[in-house]
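An overview of the molecular structure
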Amino acid sequence: MNGLKGRRELKHAITKADCHLLRKNLQNFMRLDPHGLDGKYLIRSVYFDNFDNKILRQKTEGFYHRDKFRARLYDLDTDFINLEKKSKRNNLTYKQKCRLSAREYERIRSGDIHWMSGDSRDILRDLYVQMTLFQIKPTTVVDYEREVFIYEYGNVRVTFDSNVKTSYRDTDFLNPELIMVDALDPDCVILEIKFDEFLPDIIKQLLSIIDTRKTAFSKYQLSRRYG
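Residues numbered from 1 in each chain as written. Predicted model: local features only at pLDDT ≥ 70, side-chain atom pairs only at ≥ 80, totals over all residues. Heavy atoms only, no water.

Counting residues in each nonpolar core, the largest one holds 25 residues, and the members touching the most others are Leu100, Ile108, Met116, Leu127, Met131 and Phe173. Among the secondary structure elements, those contributing two or more residues to this core are β3 (40-49), β4 (65-74), β5 (81-89), β6 (92-100), α3 (102-109) and α4 (122-134). Those residues within four positions of methionine 131 in sequence are excluded, and the remaining contacts are Phe48, Ile108, Ile113, Met116, Ile136 and Lys137. In this structure, Cys19, Leu26, Leu199 and Leu206 belong to the second largest nonpolar core, which totals 19 residues. (Core = buried A, V, L, I, M, F, W, Y, C linked by side-chain atoms within 4.5 Å. Buried < 20%, exposed > 50% of the residue type's maximum accessible area, 1.4 Å probe, protein only. Helix = DSSP H or I, 4+ residues; strand = E, 2+ residues; numbered from the N terminus. Contact = heavy atoms within 4.5 Å.)

Burial of strand β10 (residues 188-195) is extensive: eight of the eight residues sit out of reach of the surface. Of the two faces of β10, the one lined by Cys188, Ile190, Glu192 and Lys194 and the one lined by Val189, Leu191, Ile193 and Phe195 are each fully buried. Relative to β10, strand β1 (residues 8-15) runs antiparallel, the two being bridged by eight bridges. Residue pairing in the sheet places arginine 8 in a bridge with phenylalanine 195 of β10. The pairing of strand β8 (residues 156-166) with β10 spans five bridges and is antiparallel. From the neighbouring strand, threonine 159 faces β10, where its bridge partner is glutamate 192. (Pairing = 2+ DSSP bridges.)

With that settled, the discussion passes to the environment of arginine 31. Positionally, arginine 31 belongs in strand β2 (residues 31-32). Between the alpha carbons of arginine 31 and phenylalanine 149 there is a distance of 5.5 Å; along the sequence they are 118 residues apart. In this structure, arginine 31 is in contact with Val148, Phe149 and Ile150, ignoring residues within four places of it in sequence.

Moving on: the environment of isoleucine 190. Here isoleucine 190 is to be found in strand β10. Residue isoleucine 190 is classed as buried on the basis of its relative accessible area, which comes to 1%. Spatially, the C-alpha atom of isoleucine 190 lies 9.6 Å from that of lysine 16, the residues being 174 residues apart in sequence.

In structure tokens, the structure reads:
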């Protein structure tokens, strides 16, 4: 994909008790993400889809070649927003991103998109094509708390995502008072392992201490279970 390096992603649903056990073991070998407070931060994303749920259906049906767009901010800081394009090609995941202003998001949300066709940012032009051809648009907001551990060999990131909430169909992404409701069992944590070519043996051993099952759901998929 135009020189981009693909990454591998594994996802598991685990209990909070298993999360606590695994966290204690990981902290002896991995470092916390320095960008978060004690390695933790709040992530808010707004996902794009269309009236026919094209993106959701591709995920649910397990398409090996698919793209999705989302805007993302951290700790509700609307001064730093990324527009991201996440692509799945067979078993590899690719991600591209660019900065997006709050005003630009609101223009996109309102359907004012013609300016995007000539923008210098590749992802915005790609999004314009998708919005024009398939009528995708901001569909739902998802909030969750993320804790990140980093291991430099193999470029490994182990993340724990909890307190996943959804806005259903409200796309007021920039509103800190946006009403959110739970989308995940409170005792459930989403464990994600991301790495390049290989997963080091020490990380495999640490992960093997808990009972995991590979899961196909995404946080966007979770958020759309009820609407």
